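Structure assessment
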There are 2 protein chains.
Amino acid sequence: MSRFAIQGGYIIKSARDVVADKYIIVEDSLISEITDVLPLDIVDVLGGPLDIVMPGLINTHTHAPMTLFRGIADDLPLMAWLNDHIFPAEAKFVDKDFVYLGSLLAAWEMTRSGTTAFCDGYFFEDEVGKAAREVGIRAWLGEGILQFPSPSLADPSRTIEHSREFISRWMEDSLINPTVFPHATYTCTPALLSQAFELSQEFGIIFQIHLSETLSEVAQIRDRYNMTPVELLDSIGCLAPNTLAAHCVILSSDEIALLAERGVSVAHNAESNMKLASGIAPIPEMLARGVNVSLGTDGCASNNNLDMIGELSCVAKLHKINTMDPTVLDECTTFALATQNGASALNFAGGILDVGRPADIIVLDGTCPNLVPVHNPVSHVVYAANGSNVKDVVINGAVVVKGYRSLTVDEEALIRECRKIQKKISRI
Amino acid sequence: MSRFAIQGGYIIKSARDVVADKYIIVEDSLISEITDVLPLDIVDVLGGPLDIVMPGLINTHTHAPMTLFRGIADDLPLMAWLNDHIFPAEAKFVDKDFVYLGSLLAAWEMTRSGTTAFCDGYFFEDEVGKAAREVGIRAWLGEGILQFPSPSLADPSRTIEHSREFISRWMEDSLINPTVFPHATYTCTPALLSQAFELSQEFGIIFQIHLSETLSEVAQIRDRYNMTPVELLDSIGCLAPNTLAAHCVILSSDEIALLAERGVSVAHNAESNMKLASGIAPIPEMLARGVNVSLGTDGCASNNNLDMIGELSCVAKLHKINTMDPTVLDECTTFALATQNGASALNFAGGILDVGRPADIIVLDGTCPNLVPVHNPVSHVVYAANGSNVKDVVINGAVVVKGYRSLTVDEEALIRECRKIQKKISRI
């Protein structure tokens, strides 16, 4: 049995439950105790008396392999960005090796910046699983379901079967959780969406989908079906407690009420929506209506990093300025989006530090200049910190980052491989 | 003569002038050469073949000592924040020792996150100068001019004289540049503003002021003088090329044209304005009309850090979403705000890396996960990096940060002192 301690000057068990000067005891994959005194038998101690200890961050929407496209195309209108840059780059470069390498880079970046679980959708998703396992990060993964041929599947009539095979391979894994991932209402027929939803019900897993991201998406679906994307999904029974809808930028009040009623979780991607100028999701109204809102970074081609702590600060400020109300998205509410709400969205017991909960725990270095002094640790995480302040990371009871170094990634070799593919992709 | 080199895989001389694989040679306080080959006589080399080298960031509006108030009051309406929290805390705690300690913390945080020059306004500003000198950061400093008693001056009739004395003490310093700092149009009479402006002309120095930050400020000035704050300043001749106006959130198109015509520089404080829900300054229109726009973080009671790299990302995204145009504030434009435009605002020769320019240079660590791979270094600085990716910092030819450690600050002693005052201030 593995057994060690994490010392915190401040332990944020959850947004509204902060305790000072304690030790968290980790046994195997779980938290076994939170105590004032270090048990005599424990030799290994992470953290220290100045550090801020908190639940690992949960990124509920990303496309991990796209780290390799970080910065290839910025400051462009959405359609030019997609059609002239991202789609051609994907057609040219995305294969199994690309997905594996990009996911290794993403898992390294995520763990180093305090993300301990992520929900991903892309192609060759087995490679994402392989990379996540290797780095030791918890993951919810979905192989993209499309009505068109994809980089990983030439014959779209096999897309559901292809997804079912993927799911079967990962159902028993302790760290990797398969999901069903139909891309969006504009890239899947209603029949395909129904089949995908049935698949998620069959296995009892998450059904993740891009939903109402842009005005043009909503207009397109209205033209085609005389319904909004939300209405379309509801009409075929795809809105349910296992549904995780990414973006939800363009929503009416009725649609928000419907998402709440159906128990749908939303992944809010503030920085991506800002950078692509897609719009501002009505998060304060969703929260007021009882929708479970979590946070995602989206892929690195539209953000351009996977820093969930940076995302927190942006989210809180965006909704204050959008409503002209500084009390909106206060620090505790915002903190919860990236932790316990993320866990709820994934039907996962983490996101809170407590006895019996999974040991997914991060340590922020209290000697970083931007974290001195500490009047309020939750405020620091939301408004003052960044992902590079994360010193130690424990996932499922295993130490994956210690003293700013990854214990599971050969950092030098990874950088070397990324530089090789950079030379092929880079315009400059 | 001191002589050393900085190696860069990418050297961003300015936003639109990036060169690969070069060495910058620093001699005394200046850049003497940018070359492909390391001169034989040079032994000391900072940076490396993977790193991004760029001009140090220039923060044109902050209140350094307020670092000690980081996180004491968040998510509050502006007036409750000021009257119930900040003003009482300042009345209780701000004295010479507080200002010195808070400024030391700020200078440490700024240098560690790549800021090499800042423009500050507060009380006991000699202490800010003392701390900045000690840490080795370039500073433009102004002692607050008010029509009321201040923490550093009981008799407001002496405020101009008090400022003149401050200026005289620092006029000959190589690193510290005195400025004139009347707080705002609502805290200084027109006569006082005129005297302050004359003082700035007499010494040929920067005249910095808070301007049109909130709707309530504009309403108040309109009630009192039947003019907007901008119109009031112009009516008494205070808008000039040495004027640096902070915030400028509430501006008409005519006022923007007037600021451009008078050659006024603006310090944009996006994160502070978002957090306090003050509004969004019309930066794209200012830039289109030719106003010189620079960036500030504002004080740590309203941001809550001094990270200029984090600010860059937020600024670019805020104006994209506000205009629903992703091409607005592109990466090169945004990068310039925090570098060469800041230098212009302060009438300083830095902000660009070139032969004969001041050696204010920073190195971003190219082995940080969020900076791998490097398709576009300017994009990385604006969209992917954070202040904690800064590894080495050179100011005025002196190395002040090397390998993430400050060479000029006793980091442990400083943290200890900050923790002592934290115990006095902290609510928790």
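Reference entry: report on the structure contained in this document. (Residues numbered from 1 in each chain as written. Chains lettered and ligands numbered in written order. Predicted model: local features only at pLDDT ≥ 70, side-chain atom pairs only at ≥ 80, totals over all residues. Heavy atoms only, no water.)

By secondary structure assignment, the location of Asn 273 of chain A is in helix 9 (residues 270–275). In this structure Asn 273 of chain A comes out as buried when scored by relative accessible area, which is 1%. (Helix = DSSP H or I, 4+ residues; strand = E, 2+ residues; numbered from the N terminus. Buried < 20%, exposed > 50% of the residue type's maximum accessible area, 1.4 Å probe, protein only.)

So, about the packing of aromatic side chains. Residues and elements named next belong to chain A. Counted according to the given criterion, the structure contains eight aromatic pairs over all chains. Measuring from ring centre to ring centre gives 5.0 Å for Phe 69 and Phe 98, while their planes differ by 40°; the resulting arrangement is tilted. Residue Phe 69 is found in the loop between strand 5 (57–62) and helix 1 (78–93), and its partner Phe 98 is found in helix 2 (residues 96–112); the two are separated by 29 residues along the sequence. An identical accessibility class is assigned to Phe 69 and Phe 98; each is buried. For the pair Tyr 122 and Phe 123, a centre-to-centre distance of 5.3 Å together with 45° between the ring planes defines the contact as tilted. (Phe/Tyr/Trp six-rings, centres within 6.5 Å; stacked < 30°, edge-to-face > 60°.)

To continue, consider the environment of Val 230 of chain B. Residue and element names in this part refer to chain B. Here Val 230 lies in helix 7 (residues 229–235). Sequence separation between Val 230 and Leu 211 is 19 residues; the distance between their C-alpha atoms is 7.2 Å. When near neighbours in sequence (up to four residues on either side) are disregarded, Val 230 contacts Leu 211, Ser 212, Leu 239, Leu 251, Glu 255, Leu 258 and Leu 259. (Contact = heavy atoms within 4.5 Å.)

In this section: the side chain of Asp 120 of chain B. Residue and element names in this part refer to chain B. Position of Asp 120 relative to the elements: it lies in strand 6 (residues 115–122). No salt bridge is formed by the buried Asp 120, whose closest oppositely charged neighbour, Arg 70, lies at an N-O distance of 13 Å. When neighbours within four sequence positions are excluded, Asp 120 is seen to be in contact with Thr 62, His 63, Ala 64, Pro 65, Glu 125, Val 128, Trp 140, Leu 141, Gly 142 and Gln 208. (Lys, Arg positive; Asp, Glu negative; His and termini not counted. Salt bridge = Lys/Arg side-chain N within 4 Å of Asp/Glu carboxyl O.)

Our focus in this paragraph is the packing of helix 4 (residues 159–170) of chain A against helix 5 (residues 190–203) of chain A. All names here are of chain A. Packing of helix 4 against helix 5 leaves a shortest axis separation of 10 Å and a crossing angle of 20°. Between helix 4 and helix 5, the angle is such that the two are roughly parallel. Helix 5 is crossed by helix 4, and the crossing has right-handed handedness. Contact with helix 4, carried on its side by Thr 159, Ile 160, Ser 163, Arg 164, Ile 167 and Ser 168, involves Leu 192, Gln 195, Ala 196, Leu 199, Glu 202 and Phe 203 of helix 5 and no other residues of that element. Of the residues assigned to the contact of helix 4 with helix 5, the class counts are six nonpolar, four polar and two charged. (Axes fitted to C-alpha atoms, helices over the stretch in contact; angles between N-to-C directions. Parallel < 35°, antiparallel > 145°, perpendicular 65-115°, else oblique. Left-handed = near helix turned anticlockwise from the far one by under 90°. Nonpolar A, V, L, I, M, F, W, Y, C, P; charged D, E, K, R; others polar.)

Counting residues at the interface gives 66 residues for chain B, matched by 66 residues for chain A. Together chain B and chain A conceal approximately 5400 Å² of surface at their shared face, both sides included; 62% is due to carbon and sulfur atoms. When the buried area of chain B at its contact with chain A is split by residue, Asp 75, Pro 369 and His 375 of chain B rank highest and sum to 14% of it. Remark: the boundary between chain B and chain A carries four salt bridges. Residues Lys 317 of chain A and Glu 271 of chain B are paired through a salt bridge, measuring 3.0 Å at the closest nitrogen-oxygen approach. (Buried area = accessible area lost by both parts, 1.4 Å probe.)

In a beta sheet, neighbouring strands are held together by backbone hydrogen bonds and run either parallel or antiparallel to one another. Residue and element names in this part refer to chain A. Taking strand neighbours across the sheet as the criterion, the eight strands line up as 3-2-1-4-13-14-15-16 in an open arrangement whose pairing is mixed. Where the open sheet ends on each side, the last strands, each with one partner, are strand 3 (30–35) and strand 16 (405–406). Where strand 15 (residues 398–402) meets strand 16, two bridges bridge the pair, whose relative direction is antiparallel. Among the inter-strand pairings, Val 401 is bridged to a residue of strand 16, identified as Ser 406. (Pairing = 2+ DSSP bridges.)

For the rest of this paragraph, the subject is helix 6 (residues 215–225) of chain A. Because the α-helix completes a turn every 3.6 residues, residues three or four places apart line up on one side. All names here are of chain A. Three or more residues of helix 6 are buried, namely Glu 217, Val 218 and Ile 221. On an axial view of helix 6, the arc spanned by its buried residues comes to 95°, and they lie on one face. Away from its buried face, by an angle of more than 90 degrees, helix 6 presents the exposed residues Leu 215 and Asp 223. Buried-residue contacts for helix 6 involve strand 9 (207–211) and helix 7 (229–235). Immediately downstream of helix 6, the backbone of Asn 226 shows phi near 60°, a positive value. (Arc of directions from axis to C-beta.)

For the pair chain B and chain A, the superposition axis carries a translation of 0.0 Å, the fit reaches an RMSD of 0.0 Å, and the rotation angle comes to 180°. Such values leave the two copies arranged in the relation of a two-fold axis. Measuring from the rotation axis to each C-alpha of chain B, the shortest distance belongs to Ser 388 of chain B, at 2.9 Å. Counting the interface residues of chain B, we find that 100% of their copies in chain A are interface residues as well, pointing to one common contact surface. (Least-squares fit on C-alpha atoms with pLDDT ≥ 70 in both.)

Judged by nonpolar contacts, the single largest core of 243 residues is most densely connected at Phe 69, Met 286 and Leu 364 of chain A together with Phe 69, Met 286 and Leu 364 of chain B. Ranked by residue count, the leading element in this core is helix 2 (residues 96–112) of chain B, at 10 residues. Once residues lying within four places of it in the same chain are set aside, the contact partners of Met 286 of chain B are Cys 248, Leu 251, Ile 256, Val 266, Ala 281, Val 291 and Val 293 of chain B. (Core = buried A, V, L, I, M, F, W, Y, C linked by side-chain atoms within 4.5 Å.)

What follows concerns the pairing of strand 14 (residues 390–395) of chain B. Residues and elements named next belong to chain B. Buried residues dominate strand 14, accounting for six of its six residues. Relative to strand 14, strand 13 (residues 361–364) runs antiparallel, the two sharing four bridges. Pairing of Leu 364 across the sheet is with Val 390, part of strand 14. Between the end of strand 14 and the start of strand 15 (residues 398–402), which pair antiparallel, lie two residues, with Asn 396 showing a positive phi angle near 55°.

Close approach of charged atoms allows side chains of opposite charge to pair. For the structure shown, the criterion picks out 50 salt bridges over all chains. Residue Asp 51 of chain B is joined to Lys 391 of chain B by a salt bridge in which the shortest nitrogen-to-oxygen separation is 2.7 Å. Pair noted here: Asp 51 of chain B is in strand 4 (residues 45–55) and Lys 391 of chain B is in strand 14, with a separation of 340 residues, a long-range link. Accessibility assignment for this pair places Asp 51 of chain B and Lys 391 of chain B in one class, buried. The shortest N-O distance in the salt bridge between Asp 360 of chain B and Arg 138 of chain B comes to 2.7 Å. With Asp 360 of chain B in the loop between helix 13 (340–345) and strand 13 and Arg 138 of chain B in strand 7 (residues 138–145), this residue pair connects regions lying 222 residues apart in the sequence. Side by side, Asp 360 of chain B and Arg 138 of chain B carry an identical accessibility label, which is buried. Three or more residues are tied together by salt bridges with common partners; here these are Arg 3, Glu 27 and Asp 41 of chain A.

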